[in-house]
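Structural description and commentary
This is what each chain is made of:
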Amino acid sequence: MRRRDFVQGSLAVAAHAALQMPAANAAAPPRQIPYGSAVRGDALVDDPAYRTALADYCQLVVPEGGLKWDTVRPSEDRFDFYEGDKLLAFAEQNGMKMRGHTLIWYAAMPDWTSSIRGGKAAEKALTKHIRTVVGQYKGRVPSWDVINEAIAEDPRGSDYLRPNLWLENMGKGYIESAFRQAAEADPKVQLVINEYDIECVGEQFKNRRNALLRVVRDLRDRDAPIHAVGFQGHLKGEHEIDKEGVSSFVAELKAMNVDVLVTELDVIDKFLPSDEKQRDDVIAGRVTDLLQAISDANRPTAILTWGISDRYTWVPMYFTRDDGSPNRPLPLDRDYKVKPLMKVIDRFTARV
Ligand code: G3I
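Residues numbered from 1 in each chain as written. Predicted model: local features only at pLDDT ≥ 70, side-chain atom pairs only at ≥ 80, totals over all residues. Heavy atoms only, no water.

**Points about the overall build of the protein chain**
A count of helices and strands for the protein chain gives twelve helices and eleven strands. Relative to the globule expectation of 20 Å for 352 residues, the C-alpha radius of gyration of the protein chain, 19 Å, shows essentially globular dimensions. Expressed along its principal axes, the backbone C-alpha trace of the protein chain runs to roughly 55 × 45 × 40 Å. When each of the 352 residues of the protein chain is scored for burial, the buried share is 59%. (Helix = DSSP H or I, 4+ residues; strand = E, 2+ residues; numbered from the N terminus. Rg over C-alpha atoms; globule rule 2.2 N^0.38 Å. Buried < 20%, exposed > 50% of the residue type's maximum accessible area, 1.4 Å probe, protein only.)

Okay, structure coming up:
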């Protein structure tokens, strides 16, 4: 076995083992694959039912915004870990693990970062951020979204990467640098490249999967420490899952010793039927197709939804329904009642 694969394998196993920690809540038997949810810091403090739901169903949590640049970096020389520390405390009190999201992204950047100019300055800013933030949680956060949404919206030929501060100043090498800095800061953590719109039937979805494979292959050829691809899984309910396309994508990653996980699962129901039962059934069907397509090629290391209750979801920010009814993208409804989507998650996480 080549050194690279041995090292890669043992690190990924260590990270995988860390993610397998069963929740302390005896009521819910431990899942074979950890399930988790994105968490809003304000609701965590203000809503006891929200805390109970997270503790009852989750083995993992991830801050929806608490570890993004616009929260952590009020200025160039300050780091604010209040939100990250708060969620980690909740997680550890409830026998859960916390994932990190996200180290490098084009969005949620504070205004001062627009003054970062040139390759040296960008490399310095990237290194300082990643070393400090990953270092803050070394040994306590088993998995990080290192790079988020690096692929162009509609990749064509050589234009397959999304323009952003990092690409403009450092070139495509920013991606490798980010992974290497994260691995230096915590050699045991699962390092993830996270992407959206790689799940469904259609030319653009296929182009995005192929562009992401190109990035991963390039990183592996350079022995860069990338361990997994995150399917964000923000599914649009009207789009069919490309089961064949997803399974072969996951199989190609597995052949490169790269795992997969689902990081931000929800189903955008803007164009789904008004009838709630019909809508919930379509949503459960889409998620079944996605999780089956992934699982047919490799076992995901975790499945997380981008929120646990319809009470707190980003979806209406952009996708309110014409009939005015509330969106229903998540596993629990606004009153924390179980929906068919949670049953699908139970099945695929092999809840005993
Ligand atoms: O906290 C402020 C509040 O003080 C202010 O009054 C309010 C009005 O401007 O804004 C609040 O901040 C908002 C924040 O969510 C907290 O609710 C930001 O404006 C808003 O941009 C931010 O949106 C988040 C978005 O990422 C950008 O960070 C969404 O909640 C979050 O669900 C979304 O999550 C992303 C993932 O990180 C990456 N994948 C896609 C996913 C959905 O867009």
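**A closer look at the site of the ligand**
Near the ligand you find 13 residues, and of these E64, K68, H101, E264 and W306 are the closest. Within the contact set of the ligand, an oxygen atom lies 2.8 Å away from a side-chain nitrogen or oxygen of H101. Here a nitrogen atom of the ligand and a side-chain polar atom of Q232 are 3.1 Å apart. Coverage of the ligand by the protein chains reaches 47% of its 790 Å² of free accessible surface. Among the residues making up the shell around the ligand, the classes are represented as five nonpolar, four polar and four charged. (Near = heavy atom within 4 Å. Polar contact = N/O pair within 3.5 Å; in protein donor to acceptor, adjacent residues only side chain to side chain. Areas by Shrake-Rupley, 256 points an atom, 1.4 Å probe, with all protein chains shown as cover. Nonpolar A, V, L, I, M, F, W, Y, C, P; charged D, E, K, R; others polar.)

**Comments concerning helix α11 (residues 276-295)**
Here α11 contains 20 residues, and its C-alpha end-to-end distance of 28 Å stays within 8% of the 28 Å for a straight helix at 1.5 Å per residue. Those residues of α11 that sit buried are R279, D280, I283, A284, R286, V287, T288, L290, L291, A293 and I294. Among the structural elements, β8 (228-231), β9 (234-236), α10 (243-255), β10 (259-268), β11 (303-305) and α12 (340-348) are those in contact with the buried residues of α11. Near the N-terminus of α11, the side chain that reaches the backbone nitrogen of K277, with its oxygen 3.1 Å away, is that of D275. (Expected span 1.5 Å × (residues − 1). Contact = heavy atoms within 4.5 Å.)

**Some remarks on the side chain of S325**
Checked against the element boundaries, S325 lands in the loop between β11 and α12. Engagement of the side chain of S325 in a polar contact is seen with the side chain of R321, the distance being 2.8 Å. A polar side-chain atom of S325 sits 2.8 Å from a polar atom in the side chain of D323.

**A word on the packing of aromatic side chains**
For the structure shown, the criterion picks out ten aromatic pairs. An angle of 90° between the planes, with centres 5.6 Å apart, marks the rings of F231 and F249 as edge-to-face. With F231 in strand β8 and F249 in helix α10, this pair connects stretches of sequence that are 18 residues apart. Chaining the aromatic ring pairs together yields one cluster made of W69, W112 and W166. Here the guanidinium or amino end of R73 rests over the ring plane of W69, the centre of that ring lying 5.2 Å away. A cation over an aromatic ring shows up here: R73 above the ring of F79, its NZ or CZ 3.9 Å from the ring centre. (Phe/Tyr/Trp six-rings, centres within 6.5 Å; stacked < 30°, edge-to-face > 60°. Lys NZ or Arg CZ within 6 Å of the ring centre and 35° of its normal.)

**Overview of the nonpolar core**
Within soluble globular proteins, side chains that are nonpolar tend to cluster in buried spots. I104, W144, I147, W166, F231 and I308 are the most contacted members of the largest nonpolar core, which totals 99 residues. V62, V192, A228 and V315 belong to the second largest nonpolar core, which has 13 residues in total. (Core = buried A, V, L, I, M, F, W, Y, C linked by side-chain atoms within 4.5 Å.)

**As for the pairing of β8**
Of the two faces of β8, the one lined by A228 and G230 and the one lined by V229 and F231 are each fully buried. Judged from the four bridges that link them, strand β7 (residues 190-195) and β8 form a sheet pairing that is parallel. The residue bridging I193 from the neighbouring strand is V229, located in β8. Note on the crossover from β7 through helix α9 (residues 203-221) to β8: the handedness is right-handed. As judged from the four bridges shared by β8 and β10, these two strands associate in the parallel manner. Bridging across to β10, A228 finds its partner in D259. (Pairing = 2+ DSSP bridges. Right-handed = clockwise from strand over helix to strand, strands pointing away.)

**A short note on the confidence of the model for the protein chain**
When the pLDDT values of the protein chain are averaged, the result is 93; 91% of them are 70 or greater. Low pLDDT (under 50) marks residues 14-27, which in the prediction has 30 contacts with non-local residues, meaning those over four places away or in another chain. (pLDDT = per-residue confidence, 0-100.)

**Re helix α8 (residues 173-185)**
Helical geometry note: an α-helix holds 3.6 residues per turn, so side chains three or four residues apart project in the same direction. If you check α8, its first and last C-alpha atoms are 18 Å apart, about what 13 residues at 1.5 Å a residue would give, namely 18 Å. The buried fraction of α8 is high, at ten of 13 residues. The complete set of buried residues in α8 reads Y174, I175, E176, S177, A178, F179, Q181, A182, A183 and A185. If you follow the buried residues of α8, they end up packed against α6 (119-136), β4 (143-148), β6 (159-161), α7 (165-170), β7 and α9.

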